[in-house]
Amino acid sequence: MGPYRYWFFLFVLVLIVIEGIWVFRKRRDKFNLKESLSNTVILAGYILSKALTVGYQLAVLGFVSNFAFFHLPENGLVFVLAFIATDFSYYWFHLISHHIKFFWAFHLIHHSSKWMNFTTAYRLNWFSALITPYFFIPIALLGVPPLYIAISFSFNLIFQLFLHTEAVGKIPYVEGIIDTPSAHRVHHGRNPVYIDKNFGGVLMIWDRMFGTYQEETEEVEYGITTGQVSHNPFYLVFQGFIDLTRGKMDYKG
């Protein structure tokens, strides 16, 4: 985001403060200080990991683009197509991350929190960047510029940041069309009716097309089905891999 990143971080900080005030006034039981501090440490590690791996990710997509069937021009229309295609690929990446144990080891950290607030959004595995570019190879082979894919994926994740809150109820007219806080609360639920639902990043039409959409119909219980894990950020980052080697990857969340 160049020089705008500082303003963006300031904007996010203001949102976190506003949400914190709302929580303490309305739903004090929906906030845990240890959890939020742990999430902040995880974010710091994730930012460092991205700084170290962004070149690797672009290199993977750039190498694949050399074998593309054709090359699309860099213009506004192609960027829109790239954004939609990236969101479609993200849907499958997200769904696979819930159904294949190896990929769940990376994704588990994001679902292991029992709380839902803006700090939960950046509860991301430090090593996920090692696997994410491979899910977007089909788009690169179709001639989409690698930089457009990277920017689209970044916008996708930024959009999802604002979905991790209980301060916003259902939004009329757009539920089931685009991802909303309500739809994303469902995704984080461990209620039987909510497990493995709403995988879309920006658009919910993929979930509707492939039968994974679920409306929020009951209060959400957050976290994985085995319950509370830890407030230790380092354990949370490596927990999925430890469980994978021990064969303890049968739970969902």
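Keep in mind it's a predicted model, so treat the numbers as computed, not measured.

Cut-offs and rules
Residues numbered from 1 in each chain as written. Predicted model: local features only at pLDDT ≥ 70, side-chain atom pairs only at ≥ 80, totals over all residues. Heavy atoms only, no water. Axes fitted to C-alpha atoms, helices over the stretch in contact; angles between N-to-C directions. Helix = DSSP H or I, 4+ residues; strand = E, 2+ residues; numbered from the N terminus. Parallel < 35°, antiparallel > 145°, perpendicular 65-115°, else oblique. Contact = heavy atoms within 4.5 Å. Patch = residues over 30% accessible without salt bridge, like charges linked within 9 Å, V, L, I, M, F, W, Y side chains within 5 Å. Areas by Shrake-Rupley, 256 points an atom, 1.4 Å probe, with all protein chains shown as cover. Salt bridge = Lys/Arg side-chain N within 4 Å of Asp/Glu carboxyl O. Buried < 20%, exposed > 50% of the residue type's maximum accessible area, 1.4 Å probe, protein only. Core = buried A, V, L, I, M, F, W, Y, C linked by side-chain atoms within 4.5 Å. Expected span 1.5 Å × (residues − 1). Bend = angle between axes of the 7 residues up to and from the residue. Phe/Tyr/Trp six-rings, centres within 6.5 Å; stacked < 30°, edge-to-face > 60°.

### Overview of the packing of helix H3 (residues 76-99) against helix H4 (residues 101-111)
Here comes step 1: The interhelical angle for the contact between H3 and H4, taken along N-to-C directions, is 100 degrees, at an axis separation of 6 Å. The angle between H3 and H4 places the two elements in the roughly perpendicular class. Across the interface between the two elements, His94, Ile96, Ser97, His98 and His99 from H3 touch Lys101, Phe103, Trp104, His107 and His111 from H4.

### Here's the deal with a nonpolar patch on the surface
Here comes step 1: A cluster of nonpolar residues, Leu10, Leu13, Val14, Val17, Ile18 and Ile21, forms a patch on the protein surface that exposes about 530 Å² of accessible area.
Here comes step 2: With respect to the helices and strands, Leu13 occurs in helix H1 (residues 5-26).

### A closer look at H4
Here comes step 1: Among the 11 residues of H4, 9 are classified as buried, and the element is accordingly described as predominantly covered.
Here comes step 2: Among the residues of H4, Phe103, Trp104, Ala105, Phe106, His107, Leu108, Ile109, His110 and His111 are the ones counted as buried.
Here comes step 3: Where H4 is buried, its residues contact helix H2 (33-65), H3, helix H5 (118-121), helix H8 (181-187) and helix H10 (233-245).

### What about the environment of Asp243?
Here comes step 1: One can find Asp243 in helix H10.
Here comes step 2: The class for Asp243 is buried, based on a relative accessible area of 9%.

### Re the nonpolar core
Here comes step 1: Ranked by size, the top nonpolar core spans 17 residues in total, and within it Phe136, Val144 and Ile149 carry the most contacts.
Here comes step 2: Here this core gets 4 residues from one element, more than from any other, and that element is H3.
Here comes step 3: Leave out the neighbours within four places in its chain, and Val144 touches Leu72, Ala82, Ile139 and Ile149.
Here comes step 4: Tyr46, Ile109, Leu236 and Val237 belong to the second-largest nonpolar core, a separate cluster that totals 6 residues.

### Describing the environment of Ile137
Here comes step 1: Relative to the assigned elements, Ile137 resides in helix H6 (residues 137-141).
Here comes step 2: With 73 residues separating them in the primary sequence, Ile137 and Val64 have C-alpha atoms 6.7 Å apart.
Here comes step 3: In contact with Ile137, not counting residues within four places along its chain, are Leu61 and Val64.

### Comments concerning unusual backbone geometry
Here comes step 1: Within the chain, Asp196 stands out as a residue other than glycine whose phi angle is a positive 60 degrees.
Here comes step 2: Its place among the elements puts Asp196 in the loop between H8 and helix H9 (205-210).
Here comes step 3: Given a relative accessible area of 14%, Asp196 falls into the buried group.
Here comes step 4: The phi torsion at Asn198 lies on the positive side, around 60 degrees, for a residue other than glycine.
Here comes step 5: Here Asn198 lies in the loop between H8 and H9.
Here comes step 6: A relative accessible area of 0% places Asn198 in the buried class.

### So, H2
Here comes step 1: Between its first and last C-alpha, H2 extends 45 Å over 33 residues, near the 48 Å set by a 1.5 Å rise per residue.
Here comes step 2: The largest bend in H2 comes to about 45 degrees, at Thr53.

### Considering the packing of aromatic side chains
Here comes step 1: Scanning the model with the defined rule gives 21 aromatic pairs in all.
Here comes step 2: On the basis of an interplanar angle of 80 degrees and a centroid distance of 6.4 Å, the ring pair of Phe79 and Phe155 is categorised as edge-to-face. Of this pair, Phe79 sits in helix H3 while Phe155 sits in helix H7 (residues 146-161), and the two are 76 residues apart along the sequence.
Here comes step 3: When its relative accessible area of 22% is taken as the criterion, Phe79 is described as partly exposed.

### Overview of the pattern of salt bridges
Here comes step 1: Counted by the stated rule, this structure contains 4 salt bridges.
Here comes step 2: Put simply, Arg185 and Glu216 hold a salt bridge, and the shortest N to O gap is 3.0 Å. Of this pair, Arg185 sits in helix H8 while Glu216 sits in the loop between H9 and H10, placing them 31 residues apart in sequence. This pair shows no difference in class: Arg185 is buried, exactly as Glu216 is.
Here comes step 3: With a closest N to O distance of 3.9 Å, Arg190 and Glu221 form a salt bridge. On the criterion of sequence distance, the pair formed by Arg190 in the loop between H8 and H9 and Glu221 in the loop between H9 and H10 is long-range, its members being 31 residues apart.
Here comes step 4: Note on Arg190: relative accessible area 23%, which makes it partly exposed.

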